[in-house]
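# Descriptive analysis of the structure
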Amino acid sequence: MDVKIVAYKKGDYKILVDLWERSGLPYKPLGRDKEETIEKELKRGVGKFLFAMLDGKYIGTVLVTHDGRKGWINRVAVVPEYRHKGIARILVEAAEKWLNGQGIEIYACQIEDYNKESLEVFKKLGYIPFEGIHYLTKRKYPEV
Ligand SMILES: CC(C)(COP(=O)(O)OP(=O)(O)OC[C@H]1O[C@@H](n2cnc3c(N)ncnc32)[C@H](O)[C@@H]1OP(=O)(O)O)[C@@H](O)C(=O)NCCC(=O)NCCS
């Protein structure tokens, strides 16, 4: 399969939301996933949304960010018709490659407890569960 990886560019918001919706991935349209917020975030240069394309169709996406020390793989989503064909692997490897180019050597992801499938997928991609860390956040508003 000749899967191409392309980066989100201004105006691609509808493509992104369509992929999230078709993949059943929850998102925050009133907070961090608002179009203006995403496009402002991308201008900061510490993250990218990538798309997987096959035969001119968008079939999956990932958000890759870094905080200067660690790289974060977020929001991997592949539309149901193209699952189990190695598309998530291609997306995650492209995200890791970008991080590597930014000088980042630790790749990490957060997976919600209910999402056992995603946990299995990341284990298959070489990610090792790290016991003994609590994830705590403080948010300016509930929908952020
Ligand atoms: C999770 C998801 C992105 C996987 O996409 P995919 O393209 O089907 O995954 P791949 O085909 O690249 O599979 C990667 C590896 O995980 C394995 N895998 C894929 N789906 C799996 C599942 N449901 N359970 C266990 N292992 C699975 C594959 O066998 C493969 O391992 P291998 O290379 O050793 O054979 C896709 O199911 C999805 O979009 N789910 C809904 C959104 C979601 O929950 N995203 C995660 C947010 S953190």
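Everything here concerns the structure above.
What comes next is a walk through the structure. (Residues numbered from 1 in each chain as written. Predicted model: local features only at pLDDT ≥ 70, side-chain atom pairs only at ≥ 80, totals over all residues. Heavy atoms only, no water.)

Side chains of residues three or four places apart in an α-helix project in the same direction, reflecting 3.6 residues per turn. Along helix α2 (residues 35-43), the positions that sit buried rather than exposed are I38, E39, E41 and L42. Buried residues of α2, viewed axially, fall in a sector of 155 degrees; they line one side. Of the residues in α2, the exposed ones pointing more than 90 degrees away from the buried face are K40 and K43. In this structure, the buried residues of α2 make contact with α1 (13-23), β2 (47-54) and β3 (57-66). Following α2 by one or two positions, G45 adopts a phi angle in the positive range, close to 80 degrees. (Buried < 20%, exposed > 50% of the residue type's maximum accessible area, 1.4 Å probe, protein only. Helix = DSSP H or I, 4+ residues; strand = E, 2+ residues; numbered from the N terminus. Arc of directions from axis to C-beta. Contact = heavy atoms within 4.5 Å.)

This brings us to the sheet that holds strand β5 (residues 107-108). Strand order in the open sheet formed by five strands is β1-β2-β3-β4-β5, with mixed pairing between adjacent strands. In this open sheet, the two edge strands, each paired with only one partner strand, are β1 (4-7) and β5. Of the strand pairs in this sheet, β3 and strand β4 (residues 71-78) are connected by six bridges, and their pairing is antiparallel. Residue pairing in the sheet places T61 in a bridge with A77 of β4. In this fold α1 packs onto β2, β3 and β4, with an angle of close to 100 degrees to the strand it touches most, β3. Most of the contacts of α2 go to β2, to which it runs at about 105 degrees, and overall it touches β2 and β3. (Pairing = 2+ DSSP bridges. Axes fitted to C-alpha atoms, helices over the stretch in contact; angles between N-to-C directions.)

Another point: the nonpolar core. One recurring pattern in soluble globular proteins is that nonpolar side chains are buried together. In this structure, Y8, W20, I38, F49, I73 and I87 are the most contacted members of the largest nonpolar core, which totals 36 residues. Setting aside residues no more than four positions away along its own chain, F49 makes contact with V6, A7, Y8, L16, W20, I38, L42, T61, V62 and L63. (Core = buried A, V, L, I, M, F, W, Y, C linked by side-chain atoms within 4.5 Å.)

Inspection of the region around the ligand gives 18 residues, with V76, V78, H84, G86 and R89 positioned closest. Between the ligand and K85 there is a distance of 3.3 Å, counted from an oxygen atom to a backbone nitrogen or oxygen. Here an oxygen atom of the ligand and a side-chain polar atom of N115 are 2.9 Å apart. Per element, the largest residue contribution to the shell around the ligand is five residues, and it comes from helix α4 (residues 116-124). A breakdown of the residues in the shell around the ligand according to their chemical character gives seven nonpolar, five polar and six charged. (Near = heavy atom within 4 Å. Polar contact = N/O pair within 3.5 Å; in protein donor to acceptor, adjacent residues only side chain to side chain. Nonpolar A, V, L, I, M, F, W, Y, C, P; charged D, E, K, R; others polar.)

With respect to the helices and strands, the residue D12 is situated in the loop between β1 and α1. Assessed through its relative accessible area of 5%, D12 is described here as buried. Residues in contact with D12, not counting those within four places in the same chain, are A7, E39 and F51.

For the rest of this paragraph, the subject is the pattern of salt bridges. Taken as a whole and assessed by the stated rule, the structure comprises nine salt bridges. K9 serves as the salt-bridge partner of D12, at 3.4 Å between the closest nitrogen and oxygen. One network of salt bridges, in which partners are shared, links D18, R22 and E81. (Salt bridge = Lys/Arg side-chain N within 4 Å of Asp/Glu carboxyl O.)

All right, on to the environment of D55 then. Within the secondary structure, D55 is located in the loop between β2 and β3. Taking the C-alpha atoms as reference points, D55 and L42, separated by 13 residues in sequence, lie 26 Å from one another.

A word on the pairing of β4. Counted along the chain from β3 to the antiparallel partner β4, the turn is four residues long, and its residue G68 has a positive phi close to 95 degrees. Bridge analysis of β4 against β5 gives two bridges, and the strand direction is parallel. Paired with G71 across the strands is Y107, a residue of β5. Traced from β4 through helix α3 (residues 87-101) to β5, the parallel crossover comes out right-handed. (Right-handed = clockwise from strand over helix to strand, strands pointing away.)

None of the figures reported here should be taken as evidence of function without further support.
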